[in-house]
Amino acid sequence: MLDLIPKYLSDLRSKKPLVHNITNLVVMNVTANALLAIGASPVMAHAEEELEDMLKLANALVVNIGTLNSHWIKSMEKAVKIASAMEKPIVLDPVGAGATRLRTQVALRLLEAGDITVLRGNLGEIAALLGEGGKTRGVDTADYKEDLAQMVAVEATKRFNLVVAVTGATDFISDGKELYAIKNGVSLLGRVTGTGCMATALIGAFCAVAEPLSAAVSALTVLGVAAEKAYEDAPYPGSFHVRLYDWLYRIDSDLLKEKMEVKALVF
Amino acid sequence: MLDLIPKYLSDLRSKKPLVHNITNLVVMNVTANALLAIGASPVMAHAEEELEDMLKLANALVVNIGTLNSHWIKSMEKAVKIASAMEKPIVLDPVGAGATRLRTQVALRLLEAGDITVLRGNLGEIAALLGEGGKTRGVDTADYKEDLAQMVAVEATKRFNLVVAVTGATDFISDGKELYAIKNGVSLLGRVTGTGCMATALIGAFCAVAEPLSAAVSALTVLGVAAEKAYEDAPYPGSFHVRLYDWLYRIDSDLLKEKMEVKALVF
Amino acid sequence: MLDLIPKYLSDLRSKKPLVHNITNLVVMNVTANALLAIGASPVMAHAEEELEDMLKLANALVVNIGTLNSHWIKSMEKAVKIASAMEKPIVLDPVGAGATRLRTQVALRLLEAGDITVLRGNLGEIAALLGEGGKTRGVDTADYKEDLAQMVAVEATKRFNLVVAVTGATDFISDGKELYAIKNGVSLLGRVTGTGCMATALIGAFCAVAEPLSAAVSALTVLGVAAEKAYEDAPYPGSFHVRLYDWLYRIDSDLLKEKMEVKALVF
């Protein structure tokens, strides 16, 4: 599958998938720009009255719970149900699960509301959904433990029956049968808000051109490589953030092949 | 009128008009920064209780329907009514009209709620308001057809009795009696979210110093020239976006005169 | 106290305080990135159901009234009450107080809802809270008058019994017993939206490692020095904005000691 990542990227750019985002207020601009930079077409819409119309046009739905309230929760649940009935891919980002009971509960409820295709979070968030809570501290998580991350990724695929991506210094992605580890990326990503949400949105875009496991691995690899190039240009967070969009736009097959550090693990 | 564009720009900078925005959650930061960069003063306020107070201070109202819900719709309608009664210029951006029935209906309702001064959208959006729907795909529109864009601009001026700007590779602006075409701008604007909304907000600022047709032509010319300079500096979307604010701040009469490509068309 | 500013900065970076923001829709991304750049950990959460859980984890609460509506007002009041009961530091930014009665009233109500620790605003906003209204024009205030700013800062400390920071060309910070003046900063800060809100958020972060007066002086000094370095790199608003995050990340004791222009005033 790893050989196909460059192909998925060029497929994405040909198809320009429409990605419908119901996401948090902090990162809306960030995820829209990341999707545009990579070559997808973002739309943000949360009014219940227009969810069905918009989802008909969309190639994927991305739901991110970073800034909830009761209206948005209703809208997210409805969107998941509609997209599920339409058999559109759905990516869920349980931002801050474990930090508050509301977030954990809402994420779990969304996982039951329809057929979520990919779940992406950091270790603390995904562990919290498995009931290993109490580790999340705000939204940028605690110490990263590679073994635990692998275990949590695989465990979550079984519990929720979907593809899981646990992102961190190494990203682990599994569908319960296969497990991939991605070493690309730089720690400065943690000093820019919304880079996790970007990852989730990009997974949504790739879901329009690849099956879910490949989509998640492709999106995280592309983002990781783009981040490395951005960091080479600018090792400070403001400038790095700007260059990240530049490199999501500039990244191509050659760069991907040269830089990608992804491997399949046995488990 | 074209000779006066540099004068309107310097008038804007002297007057520092207060532009009251009720806009979408994705681009609030973008439009505020574009207004500040050009020399205007942005304010965002949507609580119904404060609309009247804020509109008393404002020199123009900009309404953008990019992320609706029922509360925001009520607030937009009320703001249009109040601003209309106060005879303040009102600019409407029907983001995504045609993509969902809600957006088309809300835009049409706002057009009836008061005296909208300028309507700005892409071809798909404006066509949808004329009942030529079904062409909008998300918010970054389909193929651009110059003839159709001209026709739609002129037709919409008649239907809604206001100034219409249909933006794209060439921008067409008409008040039903005159028609202008602007060739400035670069296609990379389509790879940064909110540049259309920026255009709308800048039209609002120019409405404080020029009559509506001139305001729309001036704003779109200034943005187009600034975009060309930004692109010369940085041909990638993240860096281009940053330089766009730089050039909205730096643009002056000489640069405008050297670069503007605007002409009056006969129709 | 001034000698301790570098120490507070390094304490902040060791502690990585979690700052809970209930802030406006325009600047959420900006304040999150400023907090990450300096070394703090931001979280945005406004659902009433999760305020208590989140505040338990947080080291400070920052409330900013820049884009109100009735739901957000309720959430802000509840958060102030909870944080107050937990004896967490609370920083209030009364954005646009004086521009509309709603904003003035909400700011005054929040000042009564709990023990606000620091109040930061521009001259027009703080004066409006003292009943000297009518001077605010939108959110970027009128002519700056240094004497008046000092007087207003000191007067507000007495009226509301807290630390007050009145920011402008010179920032004045007082707790009613001491008064500090900071000359750092550049006027271009006024051409980027959210830099005042950044100041408020940074005060929140410093409140986790210093008592309130020192926290306010430290945050504004750090931001002012970072802004001067950003301006040296890039004297235009888009690029300056980006570099501002870079310098919040890069600023260290040596740079602070070399550049800070803070003095204690007698009053």
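The name an unreviewed UniProt entry gives chain A is Hydroxyethylthiazole kinase, with Thermodesulfatator autotrophicus as the organism. The UniProt entry for chain A carries the following comment under Pathway (unreviewed entry): "Cofactor biosynthesis; thiamine diphosphate biosynthesis; 4-methyl-5-(2-phosphoethyl)-thiazole from 5-(2-hydroxyethyl)-4-methylthiazole: step 1/1." Within the UniProt record for chain A, the comment given under Cofactor (unreviewed entry) is "Mg(2+)".

A. Highlighting the pairing of strand E1 (residues 18–22) of chain A. Residue and element names in this part refer to chain A. When you tally the buried positions in E1, you get five out of five residues, the bulk of the element. Along E1, one buried face is formed by Leu18, His20 and Ile22 and the opposite face, lined by Val19 and Asn21, is buried too. Two elements, E1 and strand E2 (residues 41–44), share four bridges in a ladder whose sense is parallel. Bridging across to E2, Leu18 finds its partner in Ser41. As a crossover connection, the stretch from E1 through helix H2 (residues 28–38) into E2 is right-handed. Pairing geometry for E1 and strand E3 (residues 60–64), over four bridges, is parallel. Bridging from a neighbouring strand, Val19 pairs with Ala60 of E3.

B. How the structure looks around the side chain of Thr195 of chain B. Among the structural elements, Thr195 of chain B can be located in helix H8 (residues 195–206). Not counting chain neighbours up to four residues away, the residues in contact with Thr195 of chain B comprise Leu189, Leu223 and Leu244 of chain B.

C. Fine view of the packing of helix H8 (residues 195–207) of chain A against helix H10 (residues 237–250) of chain A. Residue and element names in this part refer to chain A. One way to put it is that H8 packs onto H10 with a least axis distance of 13 Å and a crossing angle of 15 degrees. With respect to H10, the element H8 is oriented roughly parallel. Once H8 is placed against H10, the crossing between them reads as right-handed. Residues Thr195, Met198 and Leu202 of H8 touch H10, and the partners they reach there are His241, Leu244, Tyr245 and Leu248. Class assignment of the residues belonging to the contact of H8 with H10 gives a composition of five nonpolar, two polar and no charged.

D. A look at the relation of the copies chain A and chain C. The two copies are related by a screw operation: chain A maps onto chain C through 120 degrees of rotation and 0.0 Å of translation along the axis, at an RMSD of 0.0 Å. Viewed as a symmetry operation, the transformation between the two copies matches a three-fold axis. Proximity to the rotation axis, assessed at the C-alpha, singles out Leu25 of chain A in chain A; its C-alpha lies 3.9 Å from the axis. The residues that chain A uses at the interface reappear at the interface of chain C in only 10% of cases, marking distinct surfaces.

E. Inspection of the interface of chain A and chain B at higher detail. Chain A puts 34 residues into the contact, and the matching count from chain B is 31 residues. Together chain A and chain B conceal approximately 2500 Å² of surface at their shared face, both sides included; 57% is due to carbon and sulfur atoms. The largest per-residue losses of area from chain A upon contact with chain B belong to Leu36, Asp53 and Tyr249 of chain A, which jointly make up 21% of the total buried on that side. When the shortest N-O distance is used, the salt bridge between Arg103 of chain B and Glu50 of chain A registers 2.7 Å. Counting the contacts that link chain A with chain B gives twelve residue pairs in polar contact (both at pLDDT 80 or more). For the side of chain A that touches chain B, the elements supplying multiple residues, two or more each, are H2, E2, helix H3 (48–57), helix H4 (70–85) and H10 of chain A. Looking at the side of chain A that touches chain B, the element that brings in the most residues is H2 of chain A, giving seven residues. For the side of chain A that touches chain B, the residue count by class is 19 nonpolar, seven polar and eight charged.

F. Region of the structure containing the confidence of the model for chain A. Scored by pLDDT, chain A comes out at a mean of 95, with 95% of its residues at no less than 70. Segment residues 136–140 of chain A: pLDDT under 50, and 25 contacts once partners within four positions in sequence are set aside and those in other chains are kept.

G. Fine view of the interface of chain A and chain C. At the junction of the two partners, chain A supplies 31 residues and chain C supplies 34 residues. Linking chain A to chain C there are two salt bridges. Along the contact surface separating chain A from chain C lie twelve residue pairs in polar contact (both at pLDDT 80 or more). With five residues, the single largest contributor to the side of chain A that touches chain C is H10 of chain A. By residue class, the composition of the side of chain A that touches chain C is 14 nonpolar, twelve polar and five charged.

H. Local environment of the relation of the copies chain A and chain B. Structural alignment of chain A on chain B gives an RMSD of 0.0 Å, achieved by rotating through 120 degrees and translating 0.0 Å along the axis. An overlap of only 9% is found between the interface residues of chain A and their copies at the interface of chain B, pointing to separate contact surfaces.

I. Region of the structure containing the packing of aromatic side chains. Summed over all chains, the structure comprises three aromatic pairs over all chains. A cation over an aromatic ring shows up here: Arg250 of chain A above the ring of Trp247 of chain A, its NZ or CZ 4.1 Å from the ring centre.

J. Structural detail: the UniProt feature "binding site: ATP" (unreviewed entry) in chain A. Residues and elements named next belong to chain A. In the numbering used here, UniProt assigns the "binding site: ATP" (unreviewed entry) feature to Arg120 and Thr167. Look at the named residues: they lie 48 residues apart in sequence, but the longest C-alpha span between them is just 7.3 Å, so in the fold they bunch up. Mapping Arg120 onto the fold places it in strand E5 (residues 118–122). Note on Arg120: relative accessible area 5%, which makes it buried. Beyond its immediate sequence surroundings of up to four residues, Arg120 is in contact with Leu92, Asp93, Pro94, Ile126, Ala165, Thr167, Gly196, Cys197, Ala199, Thr200, Ile203 and Leu220.

K. The arrangement of helix H5 (residues 101–113) of chain A in detail. Its 13 residues give H5 of chain A an end-to-end C-alpha distance of 18 Å, which sits within 8% of 18 Å, the value for a rise of 1.5 Å per residue. Residues of H5 of chain A that are buried: Leu102, Arg103, Thr104, Val106, Ala107, Leu110, Leu111 and Ala113 of chain A.

L. Region of the structure containing empty space enclosed by the protein. If you walk through the whole model with that rule in mind, you get three cavities of 30 Å³ or more. By volume, the largest cavity is sized at about 530 Å³. Residue assignment for the lining of the largest cavity shows that the elements contributing at least two residues are H2 and H10 of chain A, helix H2 (28–38) and helix H10 (237–250) of chain B together with helix H2 (28–38) and helix H10 (237–250) of chain C. The calculated volume of the second largest cavity comes to roughly 190 Å³. What lines the second largest cavity is a set of 15 residues, and nearest its centre among them are Asn69 and Trp72 of chain A, Asn69 and Trp72 of chain B together with Trp72 of chain C. Broken down by secondary-structure element, the contributors of at least two residues to the lining of the second largest cavity are H4 of chain A, helix H4 (70–85) of chain B together with helix H4 (70–85) of chain C. Of the residues contributing to the lining of the second largest cavity, the split by class is six nonpolar, nine polar and no charged.

M. Examining the sheet that holds strand E2 (residues 41–44) of chain C more closely. All names here are of chain C. Pairing is mixed in the open sheet, where nine strands are placed in the order E2-E1-E3-E4-E5-E6-E7-E8-E9. With partners counted over all chains shown, the strands left at the sheet margins are E2 and strand E9 (262–265), one partner each. If you compare each strand with its neighbour and ignore which way they point, the axes differ by 20 degrees on average. Relative to E9, strand E8 (residues 179–182) is paired through four bridges, and the arrangement is antiparallel. Residue pairing for E9: Leu179 is matched across the bridge by Leu265.

N. Spatial organisation of the UniProt feature "binding site: substrate" (unreviewed entry) in chain A. Mapped onto this structure's residue numbering, the UniProt feature "binding site: substrate" (unreviewed entry) falls at Met44 and Gly194 of chain A. Once residues within four sequence positions are removed from consideration, Met44 of chain A is found in contact with Asn21, Thr23, Met28, Thr31 and Ala32 of chain A together with Val26, Gly66, Thr67 and Arg103 of chain B. Considering the arrangement of structural elements, one finds Gly194 of chain A in the loop between strand E8 (179–182) and H8. Excluding its chain neighbours within four sequence positions, the residues that come into contact with Gly194 of chain A are Val27 and Val30 of chain A.

What counts, and at which threshold
- Note that residues are indexed from 1 along each chain, following the sequence as it is written.
- Each chain takes a letter, starting from A, and each ligand takes a number, starting from 1, following the order in which they are written.
- Reporting in this predicted model follows two pLDDT cut-offs: at least 70 for local features of residues, and 80 or more for side-chain atom pairs to be given and counted; totals over whole chains, interfaces and linings ignore these cut-offs and use all residues.
- The side-chain values count all of the structure's non-hydrogen atoms but skip hydrogen atoms and water molecules.
- UniProt positions are given in the numbering used here, feature names are shortened, and annotations may be inferred rather than shown by experiment.
- Partly exposed describes any residue whose relative accessible area lies between the buried limit of under 20% and the exposed limit of over 50%, with all areas from a 1.4 Å probe on protein chains only and scaled to the type maximum.
- Numbering of helices and strands runs from the N terminus; a helix is a DSSP stretch of H or I covering at least four residues, while a strand is a stretch of E covering at least two.
- By definition, two strands form a pair when at least two bridges between them are found by DSSP.
- Assignment of crossover handedness uses the view with strands pointing away from the viewer, where a clockwise path from the first strand over the helix to the second indicates a right-handed crossover.
- Note on contacts: a residue pair is in contact if any heavy atoms of the two residues lie within 4.5 Å.
- Fitted lines through C-alpha atoms serve as axes, helices being fitted only where they are in contact, and the angles separating the N-to-C directions of these axes extend from 0 to 180 degrees.
- Reported orientations rely on four angle classes, namely roughly parallel under 35 degrees, roughly antiparallel over 145, roughly perpendicular from 65 to 115, and oblique for the rest.
- Crossing handedness: left-handed means the near helix sits turned counterclockwise from the far one by under a right angle, and right-handed means the same turn made clockwise.
- When residue character is reported, Ala, Val, Leu, Ile, Met, Phe, Trp, Tyr, Cys and Pro are called nonpolar, Asp, Glu, Lys and Arg charged, and the others, Gly included, polar.
- Copies are brought into register by a least-squares superposition over C-alpha atoms of residues with pLDDT of at least 70 in both.
- The term buried area means the drop in 1.4 Å probe accessible area that two parts suffer when joined, counted for both and summed.
- A side-chain nitrogen of Lys or Arg and a carboxyl oxygen of Asp or Glu constitute a salt bridge if their distance falls within 4 Å.
- Within 3.5 Å is the distance limit for a polar contact, defined as a pair of N or O atoms, with the added protein rule that one can donate a hydrogen and the other accept it, and that residues adjacent in sequence qualify only through two side-chain atoms.
- pLDDT expresses, on a scale from 0 to 100, how confident the predictor is about each individual residue.
- Centres within 6.5 Å make a pair out of two Phe, Tyr or Trp rings, where for Trp the six-membered ring is used; the pair is then stacked when the planes are under 30 degrees apart, edge-to-face when over 60, and tilted otherwise.
- Remark: a charge is flagged as sitting over a ring if the NZ atom of Lys or the CZ atom of Arg is within 6 Å of the ring centre and within 35 degrees of the ring normal.
- The span one expects for a helix is its residue count, reduced by one, times 1.5 Å.
- Points on a 1 Å grid, built from protein atoms alone, make a cavity when a 1.4 Å probe fits but cannot get out and make a pocket when they are open with protein on both sides within 12 Å along at least 5 of 7 lines; residues with an atom within 4 Å of a point are the lining residues.
- Grid points are joined across faces, edges and corners, and a volume is the space filled by probe spheres set on the points.

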